Amino acid sequence: MRMESSEEDDDFPAIESVTPQHKIDTIYQSNTEKGIRKICFELLDLKDAVENLCGNMRTKYSAFLRLCEEVVETEHELNDLRKHISAHGILLQDLMTGVARELEEWTHVNDDIQEVEYRPQVLELDNTFSTEEVDQRMVFLENIDVLLAEHKMDEVIEAIDAEERSHPELKISADTSTNEPSFYRTALLERKLILENQLVDTIEQPSIGIGELKKALSGLLKLGKVPLAHQLLLKAYGSRLQKSIEAFLPLCPCYPETYSTSLSNLVFSSILLTTKESANLFGDNPVYSNKIVQWAEWEIESFVRLVKEHAPSSDSATALRAASVCIQASLNHCSALELQGLKLSKLLLVLLQPYIEEVLELNFRRARKQILDFSGSDESMPLSPRFASPLTTFATSSDSSLVESGIRFIFIIKDIVEQLTHLVILHFGGNILTRISQLFDKYIDVLIKAIPSTSEDENLTDLKDVPFRAETDSQQLALLGTAFTIAEELLPMVVSKIRNILNESKEAGIGPVENVMPSANNTLESKDWRRQLQHSLDKLKDHFCRQYVVSFIYSRDDKTRLDAQTYLQEKEEGLFWDSDPLPSLPFQALFGKLQQFGIVAGDVLLGREKLQKGLLARLTETLVLWLADEQEFWGHLEDDSTPLRPLGLQQLILDMHFTVEIARFAGYPSRNLHQVASSIMARAFRAFSARGVDPQSALPEDEWFVETAKGAINRLLQGASGSDTSEIDEDHIIMHDDGISDPDASPSSLSSMDGSGSESFASAEMGDLESPVFSDTES
């Protein structure tokens, strides 16, 4: 047990000393008392300080009251002094007048004795009346002085007006010379001047209300100060407008899109209110109406400067929206002002037009950068299915970047159009449509670069600018389909808002706001805009067709498949004249190439038959145009040293008929193709005639060529021909497409154009050859 207790002592060592509780209470009690005493002393000191302060305030307040009483007494004494001075002045004036009269009477005393006898009575009577009149005038002037001292301007105006009605001679101005100057009239004019100064001071008060302003202006009008009153009216309303604008300007950054509308409301509402008040107070006086117009024009110029100074960055969509709502709100206000006789729309548009055009220019530059800069950020550009679906159909046939570029183009144009208001479109719609067509033309240039060229330098340059390439037929057709869909379907939908407003204004005959100078850029017709889009689209089609046809004509080693040797050899390769003659091998290959192209186009451009047939027609025309313009071909054919045979001429004529029949069979006959083929045959006819070959005797009837061409198409479709129609190169190079003039004469006329085809290579049947049709698919 002892051992255990020792272990416990080791674990819990004994406490050597413990402070008693009563000692702790004593210590803390003494500290608390000391703290309480200290606080009490501080409170007593604070009480003394407060009592001293209150005593000082009472003393100073009493002194302030005494001072106020002394000021009031001094004002009364000053008023009394003014009254005494006025009375003494009147007395002195009357005394001077009396002395003058007495002197005049003494000069006439010797002339009229009888008059002298009655003079004392008359003088006594006049003095009696003069004294009474002087007393009345002194009282009136004293009352006026009191009212002026109390700033009771309305009562002063009424009193002076009544006095002048009772004494019309008082209305004579101080500048008017009179034979008998009146001290009373001079004193009255002095008080009217004091009243005028008080009215002016009241009007110029910054915090004056509308009611007080009207009363003060009416007072000036009653005093005859009409020009001064109108000047102060404009100054007062201009000052109120300036204060409102200064209070609003710090808020402009908070409302970047609508700040211009708020400024417009402030400015034009002030102009409208000022115009109404001017008409109420001054009537239809042309002098003051012109001053209102000048003042309003100055305020509008200041307004336009403020809009420009506080506008967002001009290349942002926010700036375009702010400018649009500014035009809309301001022109609406101008329409309201026209009811008051103020026509300010023309001035407003003249001042705002440079700013609007700058905003449009920079916004379209930004749009062009976003559309053409493919290395930018992949910002999300959501489009409704109505706009996106037609483009996404090409996603399976092309690079996704192509579809994304088309969606980006439509999204950016749609975003710009959505920022425009009705009146902005009415005045600048033609300008905007022109810019959209120019932007589309830039986009077409990018698509042109995506089609490979035979020039290696051009290919390297294009690869740096365009992230997608259209190498295969399906990719190139998807590219063409994207451009066609944008130009023919999506852009008209996006700009329908602009076109509808312009068409409605044109049909209604209202045009821009009356008296507003029309802009030359706003005269663009809807059909002209569509023609601009079609021109850009045709540029892309022509480039594609040139590359496609040249890749067909030239092999990889730059040797041409179609040259003059084809028609200079007799019974050689490429010429088949048996019971069923065929076109030359290059034209057989052309048929196969076009047939293959038509099948691919039917898949990629499904539902766009117009584009399919247009491309096939252009391809065929491009080949014929190349042949008509190929100098090397005609150089060999027209060389005097080259032997020519009738069989070569017959083969060339058959090839031309065969080309025309291909177009008719596929449903895309073209008048241009017909004319170029005729010009080629006419030139060949002249070349052979110059060498002694008689075309009339060497060539069969025209119907023979037509039927032979139809039969050749039938045989090629059936696969009965032994010619090679599958040898097709994929190389692309640029070729020339200079125009061909109509021939003077043709040895063999082509088929007449009397119908309209509707089938493509992908859907045409051989039975169509029995009743071919031919029409012009492109104007």
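Residues numbered from 1 in each chain as written. Predicted model: local features only at pLDDT ≥ 70, side-chain atom pairs only at ≥ 80, totals over all residues. Heavy atoms only, no water.

**Student:** Would you explain a negative patch on the surface in this entry?
**Tutor:** A grouping of Glu-69, Glu-70, Glu-73, Glu-77 and Asp-80 is seen on the molecular surface, where their side chains present a negatively charged patch. As for its position among the elements, Glu-77 is in helix 2 (residues 21-107). (Patch = residues over 30% accessible without salt bridge, like charges linked within 9 Å, V, L, I, M, F, W, Y side chains within 5 Å. Areas by Shrake-Rupley, 256 points an atom, 1.4 Å probe, with all protein chains shown as cover. Salt bridge = Lys/Arg side-chain N within 4 Å of Asp/Glu carboxyl O. Lys, Arg positive; Asp, Glu negative; His and termini not counted. Charge placed at Lys NZ, Arg CZ, Asp CG, Glu CD. Helix = DSSP H or I, 4+ residues; strand = E, 2+ residues; numbered from the N terminus.)

**Student:** Honestly, the pattern of salt bridges in this entry has me stumped. Any pointers?
**Tutor:** A side chain of one charge can pair with a side chain of the opposite charge if their charged atoms are brought near each other. Applying the stated rule across the entire model yields 17 salt bridges. In this structure, Arg-608 and Glu-489 form a salt bridge, with 3.7 Å as the shortest nitrogen-oxygen distance. Linking Arg-608 in the loop between helix 20 (585-604) and helix 21 (609-629) with Glu-489 in helix 16 (residues 473-494), this pair joins segments that are 119 residues apart in sequence. Using a relative accessible area of 11% as the deciding quantity, one classes Arg-608 as buried. For Asp-538, the salt bridge is made with Arg-618, and the minimal N-O distance between the two is 2.8 Å. One end of the pair, Asp-538, is in helix 18 (residues 526-553); the other, Arg-618, is in helix 21, with 80 residues separating them in the sequence. With respect to burial, Asp-538 and Arg-618 carry one shared label: buried. (Buried < 20%, exposed > 50% of the residue type's maximum accessible area, 1.4 Å probe, protein only.)

**Student:** How do you make sense of the environment of Ile-203 when you look at a structure like this?
**Tutor:** Looking at the element boundaries, Ile-203 is found in helix 5 (residues 183-203). Ile-203 sits in the buried class, given a relative accessible area of 4%. Separated by 13 residues in the primary sequence, Ile-203 and Ala-216 have C-alpha atoms spaced 6.4 Å apart.

**Student:** I keep staring at the packing of helix 16 against helix 20 and nothing clicks. Help me out?
**Tutor:** Geometrically, a packed helix pair is captured by the angle between its two axes and the distance between the axes. For the pair helix 16 and helix 20, interaxial distance at closest approach is 10 Å and the crossing angle is 50°. Judged on the interaxial angle alone, helix 20 and helix 16 are oblique. Helix 16 and helix 20 meet at a crossing whose hand is right-handed. Between helix 16 and helix 20, the contacting residues are Asp-473, Ser-474, Leu-477 and Ala-478 on the first element and Phe-597, Val-600, Ala-601 and Val-604 on the second. Its residues placed into classes, the contact of helix 16 with helix 20 shows 6 nonpolar, 1 polar and 1 charged. (Axes fitted to C-alpha atoms, helices over the stretch in contact; angles between N-to-C directions. Parallel < 35°, antiparallel > 145°, perpendicular 65-115°, else oblique. Left-handed = near helix turned anticlockwise from the far one by under 90°. Contact = heavy atoms within 4.5 Å. Nonpolar A, V, L, I, M, F, W, Y, C, P; charged D, E, K, R; others polar.)

**Student:** Help me out: how do you make sense of the nonpolar core in this one?
**Tutor:** Soluble, globular proteins show a tendency: their nonpolar side chains are buried together. Counting 160 residues, the largest nonpolar core has Phe-409 and Leu-491 as the members making the most contacts within it. Of the residues forming this core, the biggest block, 16 residues, is contributed by helix 14 (residues 422-450). What Phe-409 contacts, discounting residues up to four positions off in sequence, is Ile-371, Leu-439, Phe-440, Tyr-443, Ile-486 and Leu-491. Among the nonpolar cores identified, the runner-up in size contains 33 residues, and Ala-87, Met-138, Met-153 and Ala-216 belong to it. (Core = buried A, V, L, I, M, F, W, Y, C linked by side-chain atoms within 4.5 Å.)

**Student:** I tried to follow the environment of Leu-306 on my own but got confused; where do I start?
**Tutor:** With respect to the secondary-structure elements, Leu-306 resides in helix 9 (residues 286-309). Residue classification places Leu-306 among the buried residues on the basis of a relative accessible area of 17%. Between the C-alpha atom of Leu-306 and that of Ile-245, which follows or precedes it by 61 residues, the distance is 9.5 Å. The contacts of Leu-306, once residues within four sequence positions are left out, are Ile-245, Leu-249 and Leu-263.

**Student:** Would you mind going over helix 12 (residues 385-392) with me for this structure?
**Tutor:** Note: α-helices contain 3.6 residues per turn, so residues at a spacing of three or four share the same orientation. Along helix 12, the residues classified as buried are Phe-387, Ala-388, Pro-390 and Leu-391. Buried residues of helix 12, seen end-on, are gathered within an arc of 160° and therefore sit on one face of the element. The exposed set on the far side of helix 12, more than 90 degrees from its buried face, consists of Pro-385 and Arg-386. On its buried face, helix 12 sits against helix 13 (400-418) and helix 16. (Arc of directions from axis to C-beta.)

**Student:** Got a minute to help me understand the packing of aromatic side chains in this structure?
**Tutor:** Aromatic ring pairs are reported here in terms of the distance separating the ring centres and the angle at which the planes meet. All chains considered together, the criterion is met by 12 aromatic pairs. Between Phe-409 and Phe-440 the ring centres are 6.0 Å apart and the planes differ by 65°, which places this aromatic pair in the edge-to-face class. Here Phe-440 lies in helix 14 and Phe-409 lies in helix 13, a separation of 31 residues in the sequence. In this structure Phe-409 comes out as buried when scored by relative accessible area, which is 0%. Taking relative accessible area as the criterion, Phe-440 reaches 0% and is therefore assigned buried. Here the aromatic rings of Trp-704 and Phe-705 are separated by 5.0 Å at their centres, their planes lie at 85°, and the arrangement is edge-to-face. On the basis of relative accessibility, which here comes to 29%, the residue Trp-704 falls in the partly exposed class. Classification of Phe-705 as buried rests on a relative accessible area of 0%. (Phe/Tyr/Trp six-rings, centres within 6.5 Å; stacked < 30°, edge-to-face > 60°.)

**Student:** Is there a simple way to explain the confidence of the model for the chain in this structure?
**Tutor:** Predicted coordinates in regions of low pLDDT should not be interpreted in detail. Chain-level pLDDT for the chain is 78 on average; 76% of the residues reach the 70-or-more range. Low pLDDT (under 50) marks residues 113-129, which in the prediction has 3 contacts with non-local residues, meaning those over four places away or in another chain. Scored below 50 in pLDDT, residues 174-181 makes 6 contacts in the model with residues more than four places away or belonging to other chains. (pLDDT = per-residue confidence, 0-100.)

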